[in-house]
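Remarks on the overall topology
Letter by letter, the chains look like this.
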Amino acid sequence: MTDEVEIPAVDSVSGSGVPIRGNDIDTDQIIPARFMKVVTFDGLGEFAFFDLRFDDDDAQKEHPFNEDRYQDSSVLVVNSNFGCGSSREHAPQALMRWGIDAIIGESFAEIFAGNCLALGIPTVTADSETIEALQDWVDANPDGELEIDVEAEEVTYGDRTIDVTVDDAQRKALVEGVWDTTALMKSNADAVRETTRALPYVDDAAIPEAE
Amino acid sequence: MSAETLYDKVWDRHTVTTLPTGQDQLFVGLHLIHEVTSPQAFGMLRERDLEVAYPELTHATVDHIVPTADQSRPYEEDAAEEMMAELEENVRDAGIDFSDPTTGDQGIVHVIGPEQGLTQPGKTIVCGDSHTSTHGAFGALAFGIGTSQIRDVLATGTVAMEKQKVRKIQVDGELGDGVEAKDIILEIIRRLGTEGGVGYVYEYAGEAIESLGMEGRMSICNMSIEGGARAGYVNPDETTYEWLKETDYFQENPERFEELKPYWESIRSDEDADYDDVVHIDADELEPVVTWGTTPGQGVGISDPIPEPESLPAEKQDTARRAQEHMRVEPGETMAGYDIDVAFLGSCTNARLPDLRRAARIVEGREVADDVRAMVVPGSQRVQEAAAEEGLKDTFEEAGFEWRNAGCSMCLGMNEDQLEGDEACASSSNRNFVGRQGSKDGRTVLMNPRMVAAAAITGEVSDVRDLKEVTSV
Ligand code: SF4
């Protein structure tokens, strides 16, 4: 039986922005490990950037995710190597559940970007000057609308349109609505078995019968 | 065909087809799972009414949340018990082998795969864990994946990936006294940066790599991800084959060894293979490396000064300043003499038998410094047992170390083993991110296992070469 999940195309995302400044923001900062003692992703949103947002007595610290003006934001604007560290999908899950639909940054750790794609969240890149200018603009215009055109690789904000880069595979996956790969790959089950049989290390007994 | 890398060859052998996205659909030869990242994937399967396609190529362990002191069930912490129970149910329903703690085979996923012979050259190996790169030490193509991809692998036996570039890291020369595999990889990350490997797979080669045992090669491949590379590997050779022979799989199926060896030989990188980039490191010049900051790339030789932020590339300066503030270190000084409160000897980077042996030779006949909490957390139950048999457990305990059960423990502080307040920890693990070891004010200094032993004894970051080894008869 193949699954019947509806996979929406993500050609564009729009919303107001929230800037998170700094390079090398790792997944332990995005979602500390102690909040991963769960068997579902539900409710992770409130723990996004937890240790950066709250002190030991749970009092709020200065952080964009705590600021009223960013509570409705859906586009995260970050710097370089964002999402480095662990493979935990809890990180993009927490951001998504907080309300983030797209991320613009200088660069992303690969597993993190892959995890975002699996959730239909574009991770688009631009050079550091462009990003800093965008962060400044978001800072000054917390309600300002940003529009990310995934297919055209452009971001429009204020009266400006800037070029951004979207990884080829990511762009196709989002625009054509094939970012959820399970059904797609399941439909190739025969070809998978064929590849498998040609591998000397796989026991025939481990290869399932055709459905 | 010639001029191909191991990466090209293994990739091609496992490619089912190219997907409409341009990604390749890769067959997965071994899928390792653990309790933290798999339950949501099993949940997604249930939602879609799908079954595990290749249960026999899937293997489970429990490592992140498992208590390392009292392991009686139910676990004291409800959340840990719930995760364990969920994993037990999932593997039972799907018919997946599970190295649970009652088997004597349990341990950190990247320690047990190689021990049992599940990890083999020329396999594609994935796990919902970024340090899956460890298995590349055997000439496997191994990388970490996210939970949605775990769902894909469970449901289809395949994963969608884009092919990456290959950077050869040629490490020539010979390691000096007190310098280890860990120092090679810390140096590589220091030089190339934590994002230097993004878009690349690292092939580690050269005489310094070839002369390492499998454990050293695993320590290096393990931290490929800290350098931004999703995978790293070493071409299989006699050292690899000697290890494989001793594993469960080839002990039980000795005929498979000769059957598979031609395949292993065939996937080695060709002499004239093309690389997208080549980097040279001279092992002779290395000394023990320790980190001074809060990313694994912020490392320095033990006798070298901590860098002035201004001396670093512009984009690194801000991070460096914040890191130095958090760690409370002064540029211009060395890390030697930095007070520590905790010594952690563990993790999938450095908690295998030879790691513990080398560290034990340092602590033998000495005592852990007053006020230092020191613990050894073996990487697996087998390491734990073998180490106890050799007397290493006694050596550590006599010196004042706590001897724990196998698990991830203080590498990420998901169980009860955590730093408290602003404690500083000399750690043989792989990540020094803020908050990583369970306390957001905690301070982690990464180093090789003998350096951890030396720090435990002296109470401060110390050059292990200054401590004379006491060798037992
Ligand atoms: S020991 Fe640390 S790095 Fe290794 S798998 Fe466990 S948590 Fe991850």
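Residues numbered from 1 in each chain as written. Chains lettered and ligands numbered in written order. Predicted model: local features only at pLDDT ≥ 70, side-chain atom pairs only at ≥ 80, totals over all residues. Heavy atoms only, no water.

1. Details of the overall build of chain B
This is how it is decided: Only DSSP runs of H or I reaching four residues or more are called helices, and only runs of E reaching two or more are called strands; each is numbered from the N terminus. Values of the radius of gyration come from C-alpha atoms, whereas the globule rule sets the reference at 2.2 Å times the count of residues to the power 0.38. Between buried and exposed lies partly exposed: a residue is buried under 20% and exposed over 50% of the maximum accessible area for its type, with that area taken using a 1.4 Å probe on protein chains only. Whether two residues are in contact is decided by their heavy atoms: any pair within 4.5 Å suffices. What sets the accessible areas is the Shrake-Rupley method with a 1.4 Å probe; for residues, cover comes only from the shown protein chains. The charge count includes Lys and Arg as positive and Asp and Glu as negative, but it does not include His or the ends of the chains. Where a charge lies is defined by one atom per residue type: Lys uses NZ, Arg uses CZ, Asp uses CG and Glu uses CD.
Helix and strand counts for chain B come out as 16 helices and 19 strands. On C-alpha atoms alone, chain B measures out to a radius of gyration of 21 Å, which is about the 23 Å that the 2.2 N^0.38 rule sets for 473 residues. Seen through its principal axes, chain B has C-alpha atoms that stretch 55 × 55 × 50 Å. Per-residue burial over chain B gives 68% buried out of 473 residues. The long-range fraction of contacts in chain B, counting pairs at least 24 apart against all pairs at least 6 apart in sequence, stands at 75%. Counting only carbon and sulfur atoms, one obtains 42% of the accessible surface of chain B, whose full area is about 15,700 Å². Counting 41 positive and 91 negative side-chain charges, chain B places the averaged centre of each group 3 Å from the other.

2. A short note on the pairing of strand β8 (residues 158-161) of chain B
Residues and elements named next belong to chain B. The condition is simple: Strand pairing is defined by DSSP finding a minimum of two bridges between the two strands.
With burial as the criterion, each face of β8 is covered, one bearing Thr-158 and Ala-160 and the other bearing Val-159 and Met-161. With four bridges connecting them, strand β2 (residues 24-27) and β8 associate as antiparallel partners. Paired with Gln-25 across the strands is Ala-160, a residue of β8.

3. Description of the interface of chain B and chain A
Using the following cut-off: Here the quantity called buried area is the accessible surface, traced with a 1.4 Å probe, that two parts lose on coming together, added over both. Note on definitions: salt bridges are taken to be side-chain nitrogens of Lys or Arg within 4 Å of carboxyl oxygens of Asp or Glu.
The interface of chain B with chain A comprises 76 residues on the first partner and 60 residues on the second. In total, chain B and chain A occlude about 5,700 Å² of area from one another, counting both sides; carbon and sulfur atoms represent 57% of this. Per-residue buried area on chain B facing chain A is highest for Thr21(B), Arg48(B) and Lys440(B); these three make up 12% of the total on that side. Applying the counting criterion to the chain B and chain A interface returns five salt bridges. Note that Lys37(A) is salt-bridged to Glu77(B), the shortest N-O span being 2.7 Å.

4. A closer look at the side chain of Thr134(B)
Residues and elements named next belong to chain B. Counted only if it meets this: Side-chain atoms alone can form a polar contact between residues adjacent in sequence; in general such a contact is a pair of N or O atoms within 3.5 Å, and within protein one must be able to donate a hydrogen while the other accepts it.
Along the polypeptide, Thr-134 turns up in the loop between β6 (124-127) and β7 (141-144). Here the side chain of Thr-134 touches Asn-222 through a polar contact of 3.0 Å, side chain to side chain. Once you skip the residues sitting within four places of it in the chain, Thr-134 turns out to touch His-110, Met-218, Cys-221, Asn-222 and Arg-352.

5. Here's the deal with the confidence of the model for chain B
We apply this condition: For every residue, the predictor reports its confidence as pLDDT, a number between 0 and 100.
The pLDDT averaged across chain B works out to 96; a share of 99% of its residues lies at or above 70. Predicted complex, confidence summary: ipTM 0.92, pTM 0.95.

6. Some words on the domain arrangement of chain A
Cut-off, in case you're wondering: How far each domain reaches was decided by an automatic or database domain assignment.
Each assigned domain of chain A is listed with its residue range as follows: domain 1 (12-177) and domain 2 (180-210). Here the C-alpha centre of domain 2 of chain A lies 36 Å away from the C-alpha centre of domain 1 of chain A.

7. Digging into the environment of Asp51(A)
Relative to the assigned elements, Asp51(A) resides in helix α2 (residues 50-53). Taking the C-alpha atoms as reference points, Asp51(A) and Asp163(A), separated by 112 residues in sequence, lie 34 Å from one another. Those residues within four positions of Asp51(A) in sequence are excluded, and the remaining contacts are Pro32(A), Arg34(A), Lys61(A) and Lys440(B). Within the structure, Asp51(A) has its side chain in polar contact with the side chain of Arg34(A) (distance 2.7 Å).

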